[in-house]
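Structural features, examined
One letter stands for each residue in the lines below.
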Amino acid sequence: NRTIAVDVRIITATNEDLMKAVRKGRFREDLYHRINGFKIQLPPLRERQDDILIFARHFLERANEEFGRSVADFSPEVREVFLAYAWPGNIRELENVVNRCVLLSEGREVDMNSLPVEIRYHQHGKPDTSYSLPGGVRPLKQIVVLAERQAIMSALEAAGQNKSRAAELLQVDRKTLYNKMREYNL
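Residues numbered from 1 in each chain as written. Predicted model: local features only at pLDDT ≥ 70, side-chain atom pairs only at ≥ 80, totals over all residues. Heavy atoms only, no water.

Taken together, the side chains of Ile-4, Val-6, Val-8 and Ile-10 define a hydrophobic patch exposed on the protein surface, amounting to about 470 Å² of accessible area. The topology assignment puts Val-6 in the segment before α1 (18–23). The exposure class of Val-6 is exposed, given its relative accessible area of 66%. (Patch = residues over 30% accessible without salt bridge, like charges linked within 9 Å, V, L, I, M, F, W, Y side chains within 5 Å. Areas by Shrake-Rupley, 256 points an atom, 1.4 Å probe, with all protein chains shown as cover. Salt bridge = Lys/Arg side-chain N within 4 Å of Asp/Glu carboxyl O. Helix = DSSP H or I, 4+ residues; strand = E, 2+ residues; numbered from the N terminus. Buried < 20%, exposed > 50% of the residue type's maximum accessible area, 1.4 Å probe, protein only.)

Set out below in structure tokens:
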């Protein structure tokens with residue numbers, strides 16, 4: 001029933017060029033000027049190699065505490081994959097992957113079996129086409145995951161990052177697209 005004075009700061013984050021979105025009419029200019037009081041621009045995680053393992057270990061500690069686990073570290077192979085992967089989902093993707101690893105690890109060290117298949121078979125941000133089973137056969141799950149992930153990324157690019165339009169291009173409903181994007185950390 002009465003007015004209460006408050007002093008707040010709003011912190012926003014985006015991976016989209018908002019000024020470009022304003023010019024295209026996809027973001028309100030007045031809102032842009034309201035939230036653009038002080039800008040901190042961070043390069044993507046893939047451009048900050050030295051930070052990847054620091055963040056990974058931080059998330060490992062947090063996940064251990066949150067899930068009541070005691071995973072001590074990452075295997076050398078996992079550290080190598082973390083440094084080679086492009087992290088298109090940036091820090092959120094890394095955190096989700098580490099949480100998954102902590103939950104799935106059977107020992108005191110995160111090994112390759114705990115990694116999502118789409119990361120496990122990547123080298124330097126691209127699918128590792130050298131991995132195969134005896135006889136040169138590649139695991140079907142690996143092929144399906146890589147194909148779906150690539151199709152989604154291509155559709156999003158073709159649709160200018162418009163998820164509704166990308167879903168139409170892929171001939172799936174939006175909910176399916178969102179679920180797949182979450183599954184593949186896009």
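The next subject is the packing of helix α3 (residues 49–67) against helix α5 (residues 90–104). Close contact between α3 and α5 brings their axes to 9 Å; oriented N to C, the two are set at 50°. The orientation of α3 relative to α5 falls into the category oblique. Crossing of α3 over α5 shows right-handed handedness. The residues of α5 that touch α3, namely those facing Ile-52, Phe-55, Ala-56, Phe-59, Leu-60, Arg-62, Ala-63, Asn-64 and Phe-67, are Ile-91, Leu-94, Glu-95, Val-98, Asn-99, Val-102 and Leu-103. Broken down by class, the residue content of the contact of α3 with α5 amounts to 12 nonpolar, 2 polar and 2 charged. (Axes fitted to C-alpha atoms, helices over the stretch in contact; angles between N-to-C directions. Parallel < 35°, antiparallel > 145°, perpendicular 65-115°, else oblique. Left-handed = near helix turned anticlockwise from the far one by under 90°. Contact = heavy atoms within 4.5 Å. Nonpolar A, V, L, I, M, F, W, Y, C, P; charged D, E, K, R; others polar.)

Bringing the side chain of Ser-114 into the picture now. If you trace the backbone, Ser-114 turns up in the loop between β2 (109–110) and α6 (117–120). Among the polar contacts listed, one links the side chain of Ser-114 to the side chain of Ser-105, at a separation of 3.3 Å. The residues touching Ser-114, leaving out its near neighbours within four places in the chain, are Arg-100, Cys-101, Leu-104 and Ser-105. (Polar contact = N/O pair within 3.5 Å; in protein donor to acceptor, adjacent residues only side chain to side chain.)

Before going further, it helps to spend a moment on the pattern of salt bridges. As enumerated under the stated definition, the model contains 10 salt bridges in all. Ionic pairing is found between Glu-16 and Arg-26, a salt bridge with its closest N-O pair at 2.4 Å. Of this pair, Glu-16 sits in the segment before α1 while Arg-26 is found in the loop between α1 and α2 (29–35), placing the two residues 10 residues apart along the sequence. Residues Arg-62 and Glu-95 are paired through a salt bridge, measuring 2.7 Å at the closest nitrogen-oxygen approach. Of this pair, Arg-62 sits in helix α3 while Glu-95 is found in helix α5, placing the two residues 33 residues apart along the sequence. Accessibility expressed as a relative area gives 23% for Glu-95, which makes it partly exposed. A single network of salt bridges, built from pairs that share partners, joins Arg-57, Asp-73 and Arg-79.

So yeah, pure geometry; function would need other evidence.
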